[in-house]
Structures are given as C-alpha cells and as structure tokens.
Amino acid sequence: MKKDNKKVIYWLLTGCVLIFIMVVVGGITRLTHSGLSISNYKLISGTIPPMNETEWQEAFDLYKQYPEYQKLNNHFNLEDFKDIYFWEWLHRLIGRLIGIVFFIPFLYFLFTKQFTKPTIQKAIVLLCMGAFQGFLGWYMVKSGLVDNPDVSHYRLAAHLTTAFITFAYTFWVALDLIFPNKKQINKNFRNLVRWGLAILLLQIIYGAFVAGLDAGFIHNHWPMMSEGKFMHETVYIEQDPLYKNFIEGKSGVQFVHRILAFVVVGFILAIYFKSKKMTLTAFQNNSIQVLLIMVGIQFLLGVFTILLQVPVWLGVAHQVGAFFLLSAMTFTLHRFTK
C-alpha cells in the first residue's frame, strides 16, 4: 500500500478542521464567561452531561462551591447555570473527539504501514502537542477555582497559542504530503515570511491577553485610546514597575495589541511588495494575495470589535480571522521553504 497516501492527508486535514471548530467554541466559551462552569475533570464520565434534574442540581451545587458563583454569579438559578455549562461541556467534548480522531487513525496507519518514517515522527509530535494542549486547558481552568473567579490570562494565552500552533503544525505536515516537492526561491524572502509568522504569533498571544483581562471593554475608540468623548490618546498606568503595564495592565495590553496590529500589516505589505519583484508559481502568488486580503479583513474586525465593545459574535469573528490569517501565513511560508 502506498505510504503517505490521500487517506493520511484527509486525516490530517480533518484534524485541522476539528481544531478550528474547537477554537471557535473556545472563543464562545470565553466570551460568554462559561469556562469555569465545570469545576471537575472526568475524562470518560464527563463526556455525558447531566441527564436529569437531580444530576443538574448536583452539578449546580458543585459550581456553588467555587469563587465564580460566590463572587460573581450568586444570582444564577439552575437555568442560568445550564446556559454556561453547555459551552464548556461542548468545548471539552470536541477536545475528546480530537484526541480520538488523532490517536485511533494514527494506530491504524502505523500498523498498516501507511506512514513513511518522517511522517511517523511528525505524527508523534502532533499527538504530544494534543496531549499538552489538553493539560493546558485544565491547568488554565484550575487558576480560576481558587480565589480569583477568572482564569489566569497567562494560562489562557498558553492554551490558545498552543491550539493555534498545533493547528499550524498539523496543516504544515499535511502540506508536506500534498506538495512533496519544494523549491527554495529566496532565503531573504523566506526569512521575511518567517519573521511575519513570529510577529503574528506574538499578536495572537496579546490577543489572548486582551481576552483574559477583558481589556477589550475599555478604550472603545479608534485610532486613539480614549474612554471619554474626546479622541485624545490616554494610556493609563496601572502597575509598578512600568513593564507590568504591558503584560498585566488592561490599558497597556490593549495598547500593545493595537501597535502589533500595525506591525503585522506592515510585514505583510512588505511581503506583498517584495514578491512583486520575483517570479512566482501560481500557488505562491495566490498565497500572498490571500494573505493580503486576510490581514485587511482581520484588521477591520479588530477595529470594529473595539468600537462595538466586543459583542460575542464579533469577538468570535475576530478570533476566526486570526485563525485564517495564520493559515494563510503558514501556507505562504510552506510555498517558499525548501
């Protein structure tokens, strides 16, 4: 049987789609403040939600023991609890499904010898990344079950960024099989795309910081950061030492996220204009065109998300935009890598 065949490619792309769905549901979970609704972790039995009123009441009583209910949601009734429970349960269910979809076909392809040795090594890395992502999810939730009724924005950033990187690597492995022959065009251009990818990942981290600190609900003007009617720039110093404002302060984190947006746009414009001086294949040219379109859409989504004070649908759309922008950047880099 042919190794690294179409079935292997479809398996990898299915994993990409499932990770995308999980990121979308994760965004909804965060924006609806549902992430702390399930305060325990049961790998097998946790797959099935409460099935009757007695089980729902038990789950609700457990939720009442933790800070989110005691400090924020003590006005909740059982129906309110069911609303937030659903999104966290669905998020965890998709995580379990991803584990099954990756692991069982991996064993099948391995025992039927449908992998080449390099693909086996890459698939093992993917499995380890998936397991680590699951651990980070629970590690993040634990941070909101002690005193502060909110998760650590550092752990949220680690969880989200790992999901994006896992997707990008899965996509890259699939591209290796779809395009087995690669030709290096220009080292300087490839390095420019690499830097663009690195800055984009940093921007994704800061997007998670903004989400984790609820920093999108302040300074809802653009291009200046103002809380009043006048469009003068105001960046509030919240913590000492100064640098902490840019990793833990709401104003500082939003400021960095805004500045990085311009940096990402600048890198992609540089990629676009430099590519115009090169002879490109159709795939290379199309990848850069899509990259340019996606960064424009993502920039506008970010601006409107701030202006409209982060409605759930727009916050999710902005996260989806980041996902597609990362996909376009990954594809572009792959097309220019030997």
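All values derive from a computational prediction rather than experimental measurement.

Engineer: Which residues make up the packing of helix α7 (residues 187-212) against helix α10 (residues 312-335), and what are the values?
Structural biologist: Look at α7 against α10: their axes get within 10 Å of each other, and the N-to-C directions meet at 160°. On the basis of the axis angle, α7 is roughly antiparallel to α10. The two elements α7 and α10 cross, and the hand of that crossing is left-handed. Here α7 contributes R190, V193, R194, G196, L197, L200 and L201 to the contact with α10, which in turn contributes L325, L326, M329, T332 and L333.

Engineer: Outline unusual backbone geometry, listing residues and values.
Structural biologist: With an omega of 10°, the peptide bond between W222 and P223 qualifies as cis. Counting through the fold element by element, P223 comes out in the loop between α7 and α8 (250-275). For H219, which is not glycine, the phi dihedral falls at a positive 55°. Structurally, the position occupied by H219 is in the loop between α7 and α8. For H219, a relative accessible area of 1% corresponds to the buried category.

Engineer: Quick one: what's the story with a nonpolar patch on the surface, residue by residue and with numbers?
Structural biologist: Where nonpolar side chains cluster on the molecular surface, the patch consists of W222, F262, L300, F304, L307, L308 and W313 and spans about 750 Å² of accessible area. Ranked by residue count, the leading element in the nonpolar patch is helix α9 (residues 282-307), at three residues. Inspection of the secondary structure assignment puts F262 in helix α8.

Engineer: Got a sec to walk through the nonpolar core? Specific residues and values, please.
Structural biologist: Residues W11, L12, F81, F164, I271, L325 and M329 are the most contacted members of the largest nonpolar core, which totals 79 residues. Beyond its immediate chain neighbours, meaning those up to four positions away, M329 contacts V193, G196, L197, L200, I268, I271 and L291. L36, M140, V141 and V151 belong to the second-largest nonpolar core, a separate cluster that totals six residues.

Engineer: I'd like a description of the packing of α7 against α8, backed by residues and values.
Structural biologist: Between α7 and α8, whose axes approach to 9 Å, the crossing angle comes to 160°. With respect to their mutual orientation, α7 and α8 come out roughly antiparallel. As for how α7 packs across α8, the hand of that crossing is left-handed. In terms of residue class, the contact of α7 with α8 is made up of 19 nonpolar, seven polar and one charged.

Engineer: Got a sec to walk through helix α5 (residues 117-142)? Specific residues and values, please.
Structural biologist: Between the first and last C-alpha of α5 there are 38 Å, a value that for 26 residues agrees with the 38 Å anticipated at 1.5 Å per step. Among the residues making up α5, those that are buried are T119, A123, L126, M129, Q133, L136, G137, M140 and V141. Packing partners of the buried residues in α5 comprise α1 (6-31), α4 (78-111) and α6 (153-178).

Engineer: So what about the packing of aromatic side chains? Which residues, and what values?
Structural biologist: Following the criterion strictly, the structure yields 32 aromatic pairs and no others. Judged by centre distance (5.8 Å) and plane angle (45°), the ring pair of W11 and F115 falls under tilted. Taken together, the residues span a long stretch of sequence, with W11 in helix α1 and F115 in the loop between α4 and α5 at a distance of 104 residues. Judged by its relative accessible area of 7%, W11 is buried. For the ring pair F167 and F323, a centre distance of 4.2 Å and an interplane angle of 45° mean the geometry is tilted. Of the two residues, F167 sits in helix α6 while F323 sits in helix α10, which places them 156 residues apart along the sequence. Exposure remark for F323: the relative accessible area of 2% places this residue in the buried category. Members of the aromatic cluster, connected to one another through ring pairs, are W11, F102, F106, Y108, F109 and F115. R155 extends its terminal NZ or CZ atom over the ring of Y139, reaching a point 3.6 Å from the ring centre. Sitting over the ring of F179, R335 keeps its end group 4.1 Å from the ring centre.

Engineer: With reference to specific residues and values, describe the pattern of salt bridges.
Structural biologist: Proximity of charged atoms lets side chains of opposite charge pair with each other. One pass over the full model with this rule turns up seven salt bridges. A salt bridge links D150 to R30, with the nearest nitrogen and oxygen atoms 3.0 Å apart. One end of the pair, D150, is in the loop between α5 and α6; the other, R30, is in helix α1, with 120 residues separating them in the sequence. Put simply, D214 and R30 hold a salt bridge, and the shortest N to O gap is 3.6 Å. A residue pair is termed long-range when its members are at least 10 positions apart, and D214 in the loop between α7 and α8 and R30 in helix α1 qualify at 184 residues. Note on D214: relative accessible area 22%, which makes it partly exposed. Residue R30 is classed as buried on the basis of its relative accessible area of 16%. Sharing partners across several salt bridges, the network here consists of R30, D150 and D214.

Engineer: Which residues make up the side chain of H91, and what values go with them?
Structural biologist: Position of H91 among the secondary structure elements: in helix α4. Residue class for H91 comes out buried when judged on its relative accessible area of 13%. Those residues in contact with H91 that sit more than four places away from it in its chain are M22, V25, G26, T29 and H159.

Cut-off values and rules
Residues numbered from 1 in each chain as written. Predicted model: local features only at pLDDT ≥ 70, side-chain atom pairs only at ≥ 80, totals over all residues. Heavy atoms only, no water. Axes fitted to C-alpha atoms, helices over the stretch in contact; angles between N-to-C directions. Helix = DSSP H or I, 4+ residues; strand = E, 2+ residues; numbered from the N terminus. Parallel < 35°, antiparallel > 145°, perpendicular 65-115°, else oblique. Left-handed = near helix turned anticlockwise from the far one by under 90°. Contact = heavy atoms within 4.5 Å. Buried < 20%, exposed > 50% of the residue type's maximum accessible area, 1.4 Å probe, protein only. Patch = residues over 30% accessible without salt bridge, like charges linked within 9 Å, V, L, I, M, F, W, Y side chains within 5 Å. Areas by Shrake-Rupley, 256 points an atom, 1.4 Å probe, with all protein chains shown as cover. Salt bridge = Lys/Arg side-chain N within 4 Å of Asp/Glu carboxyl O. Core = buried A, V, L, I, M, F, W, Y, C linked by side-chain atoms within 4.5 Å. Nonpolar A, V, L, I, M, F, W, Y, C, P; charged D, E, K, R; others polar. Expected span 1.5 Å × (residues − 1). Phe/Tyr/Trp six-rings, centres within 6.5 Å; stacked < 30°, edge-to-face > 60°. Lys NZ or Arg CZ within 6 Å of the ring centre and 35° of its normal.

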